[in-house]
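Chains, contacts and geometry: an overview
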Amino acid sequence: MAQALRPNTAGGLFATDGKPHPLQDTLLAVTLVLGLTSFITAMFHHLHLLSSWTGLVGILTGAYGQWISVTTRERFGLVLGLGAAAVGFFLGMAHGGLFGGLFD
């Protein structure tokens, strides 16, 4: 029962392993920014090009980030960014798509 007396130094649910992960943190930040941009711009029909492209890139960066992520904190943020990017992407596709209106 010695483990019951040991203090929890991990820091909770969003604990890191104490090592730097610059690539994963960069992918996390990029995915969150792209997801937020895609989600917000999807609310405006005339910004469908921006929302669909940022959503698509956000989905790709988030998927790669999930593949190489190490900690729960990274995965949690990536899932939030992926969700926002996916919603923005699909709404952007519904409003005109990736190339809608460019070749008219």
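In this report, the structure presented in the accompanying data block is examined. (Residues numbered from 1 in each chain as written. Predicted model: local features only at pLDDT ≥ 70, side-chain atom pairs only at ≥ 80, totals over all residues. Heavy atoms only, no water.)

Take the pattern of salt bridges next. One pass over the full model with this rule turns up one salt bridge. Among the salt bridges present, the one from Arg73 reaches Asp25, with a minimum N-O distance of 3.2 Å. Of the two residues, Arg73 sits in helix α4 (residues 72-95) while Asp25 sits in helix α2 (residues 22-41), which places them 48 residues apart along the sequence. Of the residues examined, Arg73 reaches a relative accessible area of 29% and is grouped as partly exposed. Residue Asp25 is classed as partly exposed on the basis of its relative accessible area, which comes to 29%. (Salt bridge = Lys/Arg side-chain N within 4 Å of Asp/Glu carboxyl O. Helix = DSSP H or I, 4+ residues; strand = E, 2+ residues; numbered from the N terminus. Buried < 20%, exposed > 50% of the residue type's maximum accessible area, 1.4 Å probe, protein only.)

Next up on the list: the packing of α2 against helix α3 (residues 48-68). The N-to-C vectors of α2 and α3 enclose an angle of 150°; their axes lie 8 Å apart at closest approach. The pairing of α2 with α3 is recorded here as roughly antiparallel in orientation. Relative to α3, the crossing made by α2 is left-handed. Contacts between α2 and α3 involve Leu23, Gln24, Leu27, Val30, Thr31, Leu34, Thr37, Ser38 and Thr41 on the former and, on the latter, Leu50, Ser51, Thr54, Gly55, Val57, Gly58, Thr61, Gly62, Tyr64, Gly65 and Ile68. A breakdown of the residues in the contact of α2 with α3 according to their chemical character gives eight nonpolar, 12 polar and no charged. (Axes fitted to C-alpha atoms, helices over the stretch in contact; angles between N-to-C directions. Parallel < 35°, antiparallel > 145°, perpendicular 65-115°, else oblique. Left-handed = near helix turned anticlockwise from the far one by under 90°. Contact = heavy atoms within 4.5 Å. Nonpolar A, V, L, I, M, F, W, Y, C, P; charged D, E, K, R; others polar.)

Another aspect to go through is the packing of aromatic side chains. This model, assessed by the stated rule, comprises three aromatic pairs. Ring centres 5.6 Å apart and planes at 75° place the aromatic pair Trp53 and Phe99 in the edge-to-face group. Taken as a pair, Trp53 in helix α3 and Phe99 in the segment after α4 lie far apart in primary sequence, 46 residues in all. Aromatic side chains Tyr64 and Trp67 sit 5.8 Å apart centroid to centroid with 55° between the ring planes, which places their arrangement in the tilted category. In this pair, Tyr64 and Trp67 both sit in helix α3, three residues apart, roughly one turn of the helix. (Phe/Tyr/Trp six-rings, centres within 6.5 Å; stacked < 30°, edge-to-face > 60°.)

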